[in-house]
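Chain and residue survey
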Amino acid sequence: MSESPTVLDGPVVVVGGGVAGLVAAHLLAEAGAEVTVIERGPVLGGLARSYHYEAGGGRFVFDIGPHRFDTSNPNVEAYLARVLGQQGTTFPRKSEVFFKGTYYSWPIKPQNLLQLPPSLAARSFVDLAINGFKQYGGDNFENYILRQYGPTLYKHFFEGYTIKFLDIHPSRIHSDWAKVGINRAIIDDKAQMQNLFQLLRSTLAQANKKPQDFLYPRDGMQVTWERVGEALRARGARVVTGVAAELEGDGRRVEAVRAGELRVERPAMVVWTAPITVATEQLGLGRPRLDYLAMLVFNVMVAEDCPRDYQWCYYGARDLLINRVSIPRFFSTATAPPGTTGYCCEVTCMEGDRRWLHGERLTDWIVDDLVRVGLVRSRANVLDVRVERVPETYPIYRVDYPAELDRARSALAGVENLRLAGRTGLFWYNNMDHSIENALQLVKRLLREAGRTELDEAALARGAHADGDARARGA
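Being a predicted model, the structure only gives us computed values, none of them experimental.

Some words on the overall build of the protein chain
Within the protein chain one finds 17 helices and 19 strands. In the protein chain, the share of contacts with a sequence separation of at least 24, taken over all contacts with a separation of at least 6, comes to 71%. As presented, the protein chain carries roughly 19,900 Å² of accessible surface, and 50% of it is formed by carbon and sulfur atoms.

And the structure:
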């Protein structure tokens, strides 16, 4: 065992009640730790929380974009099974991309190739033949896409959407944004699309492929985090919402954590899932040049059935304000009254910019976009539009981000009772399943440091205690 206090030797503070923070707190509380969770938002869930509205005499539920669980990891699947119980429902994936006025399946299917403008398709295949003989420059998004896909697809698909999404030219973005972003959009380990050859092969493989199944709580994603919160409180954990955490300490140790009137003295461990930049600033280690993209979510409620049946769709055209639209009723019918549709429309921005400050002025533009892309037939059928501001939604992978991130992580690695986790804490563009897996691995390491060497991730996912496992094996 370590000479320093472990998670079983004193109070444990989990900063951030998002996916990684809640799962870590839940598992640590089950292992016997004295846990406090501090979430600055009004409810648990972080970027995976839900919004609930009444409109037109019915109840609508929206998540922040198309949240769903991909249960290919058996440990993640086991954890979700015991948290959700019978509240989970599975559904086949259907996602699309809107390109030059036409809807295409995403990932692309062979029949979609016939929909492409002939000149564009021809130039793309010429790129496939000759691109290997071309030389491109440094390690940025632009050169990565040019090298992998050729100039035609870069110009017509990747460049415009990236500028629209990030408001930064692709030459100033690291190639990791391309590698990770494509994988996050595909969400299918077998559909490899890292270059034109893989794109063609994966497209042909989609011809008769069974759609991928996802897991979703029937009444919205918030159900998951409410259940975890209940489990935490049942274990004696303290859960604080609506207030931000502040660290007191230096580059060696966190001496206290404050949240409003709450003050936790000499925590044995702090699991930090809030922005890494805030941790370095509060501990006097400076602020790295790392930024997070913010987002406006326009939740539009319409007294119409939806003419399309996708769960989410990407809209890359620069003359459309919307970046992506998700439709909760195709995750679960319980999220919208019969005969109505909710559209979650995402628009990226930076916290504090004009969009962020004056988002309500954009609601008419959002509704116009929905009409233009064929989702809303009549503006008169729009029941309500609610605007939600969501900070720190995506880490921005600028060209110099690896060096900045390394400096920040190295500085915080010297703080003996602080561990980073999750999307914002690790500055890591990931999905919910990755955050759950990250929490499982972190708790496994923390319990091993405390002498619980017999626990593995599968046992944590099942909710097994170390001593219970030992007895079951006759130890």
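Some points on the packing of aromatic side chains
Per the stated rule, a full pass over the model turns up 26 aromatic pairs. Between Tyr51 and Tyr53, the ring centres sit 6.5 Å apart and the planes meet at 5 degrees, which makes this aromatic pair stacked. Each member of the pair, Tyr51 as well as Tyr53, carries the same accessibility label: buried. Taking the centre distance of 5.2 Å and the plane angle of 85 degrees together, the rings of Phe157 and Phe158 count as edge-to-face. For Phe158, a relative accessible area of 14% gives the class buried. Among the aromatic residues, those joined into a ring-pair cluster are Tyr161, Phe165, Trp177, Tyr292, Tyr394, Tyr397, Tyr401, Phe427 and Tyr429. Sitting above the plane of the Tyr103 ring, Arg308 keeps its charged end 4.0 Å from the centroid. We note Arg423 situated over the ring of Tyr394; from NZ or CZ to the ring centre the distance is 4.8 Å.

What about helix α1 (residues 19-30)?
Between its first and last C-alpha atoms α1 spans 17 Å; for twelve residues at 1.5 Å apiece the expected length is 16 Å, and the two agree. Counting buried positions along α1 gives twelve out of twelve residues, so the element sits mostly inside the fold. Along α1, the residues that are buried comprise Val19, Ala20, Gly21, Leu22, Val23, Ala24, Ala25, His26, Leu27, Leu28, Ala29 and Glu30. Gly32 sits one or two positions beyond α1 and adopts a positive phi of about 105 degrees.

A look at the pattern of salt bridges
Taken as a whole and assessed by the stated rule, the structure comprises 26 salt bridges. As a salt-bridge pair, Glu246 and Arg258 come within 3.0 Å of each other at their nearest N and O atoms. Note that Glu246 is positioned in strand β10 (residues 246-249) and Arg258 in strand β11 (residues 254-259), a separation of twelve residues in sequence. You can call Glu246 partly exposed: its relative accessible area is 38%. Given a relative accessible area of 29%, Arg258 falls into the partly exposed group.

Examining the environment of Gly220
In this fold, Gly220 is placed in the loop between β8 (213-217) and α9 (222-234). Between the C-alpha atom of Gly220 and that of Ser332, which follows or precedes it by 112 residues, the distance is 7.7 Å.

Section: the sheet that holds strand β1 (residues 11-15)
The strand order β9-β2-β1-β13-β19 describes an open sheet built from five strands, whose pairing is parallel. Two strands close off the open sheet at either side, each with one partner strand: β9 (238-241) and β19 (418-420). Each adjacent strand pair in this sheet contributes to an overall mean axis angle of 15 degrees, direction not counted. Of the pairings in the sheet, the one linking β1 to strand β2 (residues 34-39) comprises five bridges and is parallel in character. Looking at the pairing, Val12 lines up with Val35 of β2. Running at roughly 165 degrees to β2, α1 makes contact with β1 and β2 of the sheet.

Cut-offs applied
Residues numbered from 1 in each chain as written. Predicted model: local features only at pLDDT ≥ 70, side-chain atom pairs only at ≥ 80, totals over all residues. Heavy atoms only, no water. Helix = DSSP H or I, 4+ residues; strand = E, 2+ residues; numbered from the N terminus. Contact = heavy atoms within 4.5 Å. Areas by Shrake-Rupley, 256 points an atom, 1.4 Å probe, with all protein chains shown as cover. Phe/Tyr/Trp six-rings, centres within 6.5 Å; stacked < 30°, edge-to-face > 60°. Buried < 20%, exposed > 50% of the residue type's maximum accessible area, 1.4 Å probe, protein only. Lys NZ or Arg CZ within 6 Å of the ring centre and 35° of its normal. Expected span 1.5 Å × (residues − 1). Salt bridge = Lys/Arg side-chain N within 4 Å of Asp/Glu carboxyl O. Pairing = 2+ DSSP bridges. Axes fitted to C-alpha atoms, helices over the stretch in contact; angles between N-to-C directions.

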